[in-house]
Number of protein chains: 2
Amino acid sequence: MSEVPGLRERKKIRTRQALIAAALELFMEKGYEQTTVSEIAAAADVSTRTFFSYFASKEDVIFYNTRDGIDRVLRVVAEPRPDDRAIDLLTRAVTSVFSELVLDGQLQREIGPVNYLVMTVPSLRARSLLLLFEGQRELAEALHRACPEELSLVEASAAVGAVIGGGKLAAFVSMSNGASPEEMLDAGRQATEFALSALRAASRVS
Amino acid sequence: MSEVPGLRERKKIRTRQALIAAALELFMEKGYEQTTVSEIAAAADVSTRTFFSYFASKEDVIFYNTRDGIDRVLRVVAEPRPDDRAIDLLTRAVTSVFSELVLDGQLQREIGPVNYLVMTVPSLRARSLLLLFEGQRELAEALHRACPEELSLVEASAAVGAVIGGGKLAAFVSMSNGASPEEMLDAGRQATEFALSALRAASRVS
DNA sequence: CCAGAAAACTACATCAGGTGCAAAATTACA
DNA sequence: TGTAATTTTGCACCTGATGTAGTTTTCTGG
């Protein structure tokens, strides 16, 4: 495996990255709504029609890379260690997000703009919430599959929703109150850890 | 107060209701995307342009009434009883949603279709998540305002996000696994109550 | 009941996002 | 090099949404 990709594949990847880069630059420069798909395509030197063969919509160019992050989280739950309880899996899955968010130089260049756009453009915020929500569903399913006798699907959903819901809202509110990206991350981490410890305490009782 | 609204006002209300009713009917009959705004306007006997003076977008016709629900919840927190702690306010606010959701015959006719559409149409689900998210922000702010020395804004956000996030995901997953509306409501209620009791336990320790 | 002001409605023009389609250009491969 | 497969492109077309200007309806005071 690991075939050398042909010219076709390499060109496609280059074009896709060029579209993403051009789009982010234009969005940051003149605003998301004010930027047309034609302008993005022109900046990446392809036709407008071609843009839509790479991305189904103007929004999609922003979120193309988010799928990878979700898959990484799912993989943590899909590969449990011996003696893992559900709470352990959920803890590792959630905290893995934060550790990867800090490093990852490749993405770091995009995360800033994407974050800013999601914070300021309602339609992008809606889309981002949808992606996060579907990700939570998948995570809840995976968690239930990993520990079917410990957690029902609905219980797993309640746990996942509580942990991620708390972290997300805390991070967002903190940032929209003028916190720095580091402080925002910290608020999210504290909120998720708080929810996790509350879950741990509750699971010891029951 | 309570002036008798003039003919103008009454007509506007009737037109708006006619548009909502026509839209929901058409959406259920032939699908959301397959229904055009012109068709909705025609069914309500107004011009296409007039539709957009009542609703800013095709999506908005679905969510016109949701603002009321959010305001009701906020009012619970804005009017605390003596000796209320934050957890009491949050509990009353969240449980008030469920009690109102059961009765309320006026809305009950719309909730079914809206619920179905949100479950099946991704763009509507995104929009609904956005509205819920912004509602959570407001609720967290209100909760912090009501108990400023007990909860910081970020702590309030963590609590609100955890409770509502857990309830929402549990309800949605349960319904998309074929549960009846009653079972869905019950899953949501159990998840929120679980999160609330976990919060209560945690707040006793700290 | 009427005249004039205010508000609402309508038609029309226009633009951006998005899709289907067929021709043209590019790549792959024998 | 020639040919099949894949991409790209231009073009026609549809829907959602906005600006504008003119028409109709409602409201108010006499």
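Remember, predicted model here, so these are calculated numbers, not experimental data.

1. Some words on the overall build of chain A
And step 1. When helices and strands are counted, chain A shows 10 helices and zero strands.
And step 2. Secondary structure elements of chain A occur, N-terminal to C-terminal, as α-α-α-α-α-α-α-α-α-α.
And step 3. For chain A, the spread of C-alpha atoms along the principal axes amounts to about 60 × 50 × 30 Å.
And step 4. Taking the intrachain contacts of chain A between residues at least 6 apart in sequence as the baseline, contacts between residues at least 24 apart amount to 59%.

2. Details of the relation of the copies chain A and chain B
And step 1. Between the two copies, chain A and chain B, the superposition gives an RMSD of 0.1 Å; the rotation angle is 180° and the shift along the axis is 0.0 Å. These values place the two chain copies in the arrangement generated by a two-fold rotation axis. In terms of C-alpha distance to the rotation axis, chain A has Ala162(A) as its closest residue, with the C-alpha 1.9 Å off the axis.
And step 2. Both copies contact each other with a shared surface, as 100% of the interface residues of chain A are interface residues in chain B too.

3. Some details on the interface of chain A and chain B
And step 1. On the side of chain B, 34 residues touch chain A, which itself brings 34 residues to the contact.
And step 2. Taken together, the elements giving at least two residues each to the side of chain A that touches chain B come down to helix H8 (122-146), helix H9 (153-176) and helix H10 (181-205) of chain A.
And step 3. Take the side of chain A that touches chain B: its biggest share by element is 15 residues, from H9(A).
And step 4. A class-by-class count of the residues in the side of chain A that touches chain B yields 23 nonpolar, seven polar and four charged.

4. Some points on unusual backbone geometry
And step 1. A positive phi angle is found at Asp45(A), which is not glycine, with a value near 65°.
And step 2. For Asp45(A), the position within the fold is in the loop between helix H2 (37-43) and helix H3 (48-54).

5. As for the environment of Arg85(B)
Residues and elements named next belong to chain B.
And step 1. By the element assignment, arginine 85 lies in the loop between helix H5 (66-78) and helix H6 (86-102).
And step 2. What makes arginine 85 partly exposed here is the crowd of 15 C-beta atoms within 10 Å.
And step 3. In the structure, arginine 85 is positioned 47 residues away from leucine 132 in sequence and 24 Å away in space, judged by C-alpha atoms.

Cut-offs used in this document
Residues numbered from 1 in each chain as written. Chains lettered and ligands numbered in written order. Predicted model: local features only at pLDDT ≥ 70, side-chain atom pairs only at ≥ 80, totals over all residues. Helix = DSSP H or I, 4+ residues; strand = E, 2+ residues; numbered from the N terminus. Contact = placed C-beta atoms within 7 Å. Least-squares fit on C-alpha atoms with pLDDT ≥ 70 in both. Nonpolar A, V, L, I, M, F, W, Y, C, P; charged D, E, K, R; others polar. Buried ≥ 20, exposed ≤ 12 C-beta atoms within 10 Å, placed from the backbone.

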